[in-house]
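So the chains spell out like this:
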Amino acid sequence: GDSVTQMEGPVTLSEEAFLTINCTYTATGYPSLFWYVQYPGEGLQLLLKATKADDKGSNKGFEATYRKETTSFHLEKGSVQVSDSAVYFCALSVLTGGGNKLTFGTGTQLKVEL
Amino acid sequence: EPEVTQTPSHQVTQMGQEVILRCVPISNHLYFYWYRQILGQKVEFLVSFYNNEISEKSEIFDDQFSVERPDGSNFTLKIRSTKLEDSAMYFCASRGGMANTGELFFGEGSRLTVL
């Protein structure tokens, strides 16, 4: 079945540090890939997405490139801020005829300190 | 901007009681979902719903769970007899038609506490 593997957290960084959160996937079809973010006390928000190989999703300074050859979708940001502290979920979706669902990774908690 | 809304935001119930969680998906969306997240754990798929019927469900979604779209706008999750292990955050989500890239739009969640 489909699955997503993320690096374990929590990840603690100083403000302005470089961030990488690794994500790899296995899928039976040709998935779309997503990063969702969950800020403390809030629901899940789409951060970025990519729908085909070599696509780069980007938003709010975060980027991730769909790498089919390595089945990866690593999240990066060049300079994190305290406000980026949240839990980040990598997810995939394979479009089929019916109830396509998102399959989530376990989530990676990011803490950014001054 | 259209959004998915969920009620209640928090419900506390006694074990064995019935609970109904309500969701209003984005109005032109066709596919509806429930997920849950036990505190500190991953977000787990429960069920998907399309064309007024369940299209897929997980092994978590046993006979104690049911979903309904009673009036064309609300989408409800019912737990008939709650157990302690049902305590979790329940997220409703929706998405558009087949041309969509698969992105789901989530509500802010309903926290269920079973005592």
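To be clear, the structure that these remarks concern was listed above.
Everything numeric in this text was worked out from a predicted model, so none of it was measured. (Residues numbered from 1 in each chain as written. Chains lettered and ligands numbered in written order. Predicted model: local features only at pLDDT ≥ 70, side-chain atom pairs only at ≥ 80, totals over all residues. Heavy atoms only, no water.)

Q: So what's going on with the overall build of chain B? Residues and values would help.
A: Helix and strand content of chain B: zero helices and 11 strands. Computed over its C-alpha atoms, the radius of gyration of chain B comes to 13 Å, within 12% of the 13 Å expected for a compact globule of 115 residues. Across its three principal directions, the C-alpha atoms of chain B cover 40 × 25 × 25 Å. Burial statistics for chain B: of 115 residues in total, 46% are counted as buried. Considering only contacts within chain B whose residues lie at least 6 apart along the sequence, 53% involve residues at least 24 apart. (Helix = DSSP H or I, 4+ residues; strand = E, 2+ residues; numbered from the N terminus. Rg over C-alpha atoms; globule rule 2.2 N^0.38 Å. Buried < 20%, exposed > 50% of the residue type's maximum accessible area, 1.4 Å probe, protein only. Contact = heavy atoms within 4.5 Å.)

Q: Describe the nonpolar core, with residues and values.
A: Counting 27 residues, the largest nonpolar core has Leu-19, Trp-35, Leu-47, Leu-48, Phe-73, Leu-75 and Tyr-88 of chain A as its most contacted members. It is strand β10 (residues 86-93) of chain A that provides the largest number of residues to this core, a total of four residues. (Core = buried A, V, L, I, M, F, W, Y, C linked by side-chain atoms within 4.5 Å.)

Q: Kindly report on the side chain of Gln-6 of chain B, identifying the contributing residues and their values.
A: Residues and elements named next belong to chain B. You can see Gln-6 is positioned in strand β1 (residues 5-7). Note on Gln-6: relative accessible area 11%, which makes it buried. One polar contact links the side chain of Gln-6 to the main-chain carbonyl oxygen of Tyr-90, over a distance of 2.9 Å. A polar contact is formed between the side chain of Gln-6 and the backbone nitrogen of Gly-109, at a distance of 3.1 Å. (Polar contact = N/O pair within 3.5 Å; in protein donor to acceptor, adjacent residues only side chain to side chain.)

Q: Lay out the sheet that holds strand β9 (residues 75-77) of chain A with the relevant residues and their values.
A: All names here are of chain A. In spatial order, the strands read β3-β9-β8-β7; together these four strands make up an open sheet with antiparallel pairing. Edge positions in the sheet fall to β3 (19-21) and β7 (56-59), since each of these pairs with one other strand and no more. Averaged over neighbouring strand pairs, the angle between their axes works out to 15° when direction is ignored. As judged from the four bridges shared by β7 and strand β8 (residues 62-65), these two strands associate in the antiparallel manner. (Pairing = 2+ DSSP bridges. Axes fitted to C-alpha atoms, helices over the stretch in contact; angles between N-to-C directions.)

Q: Can you break down the state of the cysteines residue by residue, with the values?
A: Taken as a whole and assessed by the stated rule, the structure comprises two disulfides over all chains. Between the sulfur atoms of Cys-23 of chain A and its disulfide partner Cys-90 of chain A the distance amounts to 1.9 Å. Residues Cys-23 of chain A and Cys-90 of chain A are joined through a disulfide that is left-handed, its torsion about the S-S bond being -70°. Pair noted here: Cys-23 of chain A is in strand β4 (residues 23-26) and Cys-90 of chain A is in strand β10, with a separation of 67 residues, a long-range link. Shown here is the disulfide that connects Cys-23 of chain B with Cys-92 of chain B, its sulfur atoms set 1.9 Å apart. (Disulfide = S-S within 2.5 Å.)

Q: For the sheet that holds strand β8 (residues 75-79) of chain B, give the residues involved together with the corresponding values.
A: Residue and element names in this part refer to chain B. The strand order β1-β3-β8-β7 describes an open sheet built from four strands, whose pairing is antiparallel. Each edge of the open sheet carries a strand with a single partner, namely β1 and β7 (65-68). Taking the axes of each pair of neighbouring strands and ignoring which way they run, one obtains an average angle of 15° across the sheet. Across three bridges, β1 lies against strand β3 (residues 19-24) in antiparallel orientation. By the bridge assignment, Thr-5 is partnered in β3 with Val-24.

Q: I'd love a proper account of a negative patch on the surface, names of residues and values included.
A: A contiguous patch of negative charge, built from Glu-42 of chain A together with Glu-1, Glu-3 and Glu-108 of chain B, is present on the exposed surface. On the basis of relative accessible area, Glu-3 of chain B is assigned to the exposed category, the value being 56%. (Patch = residues over 30% accessible without salt bridge, like charges linked within 9 Å, V, L, I, M, F, W, Y side chains within 5 Å. Areas by Shrake-Rupley, 256 points an atom, 1.4 Å probe, with all protein chains shown as cover. Salt bridge = Lys/Arg side-chain N within 4 Å of Asp/Glu carboxyl O. Lys, Arg positive; Asp, Glu negative; His and termini not counted. Charge placed at Lys NZ, Arg CZ, Asp CG, Glu CD.)

Q: How would you explain the pattern of salt bridges if you had to name every residue and give the values?
A: One pass over the full model with this rule turns up six salt bridges over all chains. Note that Asp-84 of chain A and Lys-77 of chain A form a salt bridge whose closest N and O atoms lie 2.8 Å from each other. Of the two residues, Asp-84 of chain A and Lys-77 of chain A, both sit in the buried class. In this structure, the salt-bridge partner of Arg-36 of chain B is Glu-44 of chain B, at a minimum N-O distance of 3.2 Å. Arg-36 of chain B sits in the buried class, given a relative accessible area of 10%. Judged by its relative accessible area of 23%, Glu-44 of chain B falls in the partly exposed class.

Read these as spatial facts, not as claims about activity.
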